[in-house]
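Chain residues, written in single-letter form:
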Amino acid sequence: MDGKLIVFEGVEGGGKTTQMQRLIHWLQASCFPIASLVATREPGGTELGKGLRRLLLGQGSGELVSDRAELLMYAADRTQHVETFLKPQLALGTMVLCDRYTDSTIAYQGYGRGLNLDLIEQLNEIATGGLQSDLTFWLDINVEVGLARVRARGKRDRIEQADVEFHRRVQQGFAELARQNPDRIIRINADRTEDEVAQEIQAILSRSLAAWGYLKSFES
Ligand code: TMP
């Protein structure tokens, strides 16, 4: 069986990284026969991507990054990630958990920066060759609450420092994407305890894994 691509999305401070780690531990201890499981992220899932991530999120020289240059760097990161990591892993049957993917570009560069949505969709298509997530968890948190969590962690990256209106537009982007893709994108209320969020994610993924035949292959 080909692997599955499970993506975590959402505005800053929603707990994606923590929830991904929790899901890995839960999957490793679960009854599902998942032979191979990896976690990755965008930007930064490849060596090229790590360099792009530093350029995109670091303080750099202080030179302003133009919106279109930013878009193309995210697209370059994704192209490399899909071709050299995601597709080969999925072909081996690996379950891949990915921190952000194509919806982030629509939400951040489309809704947030105001770049043309059709153009972004075309770029996503070029970067992914049509590879979509099998399931996307949108960790929906109130923008102010999320940004306060990020501030409490200390140093903020270039995008985290953008004004609150930018992050509100990004949030609207995720809400619109979830409305348009109800089968693929599952909204998770992330304004709850870590345990409550983790349990809901586990319950939803259990149902999907059963529907994808993971239990059957275990029984046979
Ligand atoms: P994070 O993975 O630590 O959340 O940081 C990635 C940052 O990059 C986050 O602010 C969202 C942003 N981003 C975009 O603006 N567009 C994209 O396509 C992706 C993947 C991330």
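Provided above is the structure to which this section pertains.
These numbers come from a predicted model, not from an experiment.

### Section: the nonpolar core
Reasoning step 1: Membership of the largest hydrophobic core comes to 45 residues, with the highest contact counts inside it found for I6, F8, M95, F137, I201, L205 and L209.
Reasoning step 2: The next biggest cluster of nonpolar side chains, apart from the first, holds nine residues, and it includes V82, L90, C98 and Y101.

### Focus: the site of the ligand
Reasoning step 1: Taken together, 14 residues surround the ligand, and among them E12, Y74, R100, T105 and Q109 come closest.
Reasoning step 2: Taking R53, its side chain carries an N or O atom lying 3.0 Å from an oxygen atom of the ligand.
Reasoning step 3: A distance of 2.6 Å separates an oxygen atom of the ligand from a polar side-chain atom of T105.
Reasoning step 4: Across the complex, the protein chains shield 94% of the 470 Å² of accessible surface that the ligand would expose by itself.
Reasoning step 5: Here the ligand occupies the largest pocket.
Reasoning step 6: Residue assignment for the shell around the ligand shows that the elements contributing at least two residues are α2 (47-57), α3 (67-91) and α4 (102-112).

### A short note on the sheet that holds strand β5 (residues 185-189)
Reasoning step 1: Within the open sheet, the five strands sit side by side as β2-β3-β1-β4-β5. Their pairing is parallel. Edge positions in the open sheet fall to β2 (37-41) and β5, since each of these has one partner strand only. Recorded for the sheet is a direction-independent mean angle of 20° between the axes of neighbouring strands.
Reasoning step 2: With five bridges joining them, β2 and strand β3 (residues 95-99) adopt parallel strand pairing. Within β3, the residue paired with T40 across the bridge is C98.
Reasoning step 3: Each of β1 (4-9), β2, β3 and β4 (135-140) touches helix α1 (residues 16-29); the most contacted strand, β3, lies at about 165° to it.

### Points about the layout of surface pockets
Reasoning step 1: Approximately 820 Å³ is the volume found for the largest pocket.
Reasoning step 2: Around the largest pocket sit 40 residues that line it, and E12, K16, T17, R100 and E160 are the ones nearest its centre.
Reasoning step 3: Of all the secondary-structure elements, those providing two or more residues to the lining of the largest pocket are α1, β2, α2, α3, α4, α6 (143-153) and α8 (194-211).
Reasoning step 4: Top contributing element to the lining of the largest pocket by residue count: α1, with six residues.
Reasoning step 5: Here the lining of the largest pocket is composed, by residue class, of 13 nonpolar, twelve polar and 15 charged.
Reasoning step 6: Estimated volume of the second largest pocket: approximately 330 Å³.
Reasoning step 7: Ranked by residues supplied to the lining of the second largest pocket, first place goes to α3 with three residues.
Reasoning step 8: Across the lining of the second largest pocket, the residue classes tally to four nonpolar, six polar and five charged.

Thresholds, definitions, all that
- Residues numbered from 1 in each chain as written.
- Predicted model: local features only at pLDDT ≥ 70, side-chain atom pairs only at ≥ 80, totals over all residues.
- Heavy atoms only, no water.
- Core = buried A, V, L, I, M, F, W, Y, C linked by side-chain atoms within 4.5 Å.
- Buried < 20%, exposed > 50% of the residue type's maximum accessible area, 1.4 Å probe, protein only.
- Near = heavy atom within 4 Å.
- Polar contact = N/O pair within 3.5 Å; in protein donor to acceptor, adjacent residues only side chain to side chain.
- Areas by Shrake-Rupley, 256 points an atom, 1.4 Å probe, with all protein chains shown as cover.
- 1 Å grid on protein atoms, 1.4 Å probe; cavity = no way out; pocket = protein on both sides within 12 Å on 5 of 7 lines; lining within 4 Å.
- Sits in = over half its atoms within 2 Å of the grid points.
- Helix = DSSP H or I, 4+ residues; strand = E, 2+ residues; numbered from the N terminus.
- Pairing = 2+ DSSP bridges.
- Axes fitted to C-alpha atoms, helices over the stretch in contact; angles between N-to-C directions.
- Contact = heavy atoms within 4.5 Å.
- Points joined across faces, edges and corners; volume = space filled by probe spheres on them.
- Nonpolar A, V, L, I, M, F, W, Y, C, P; charged D, E, K, R; others polar.

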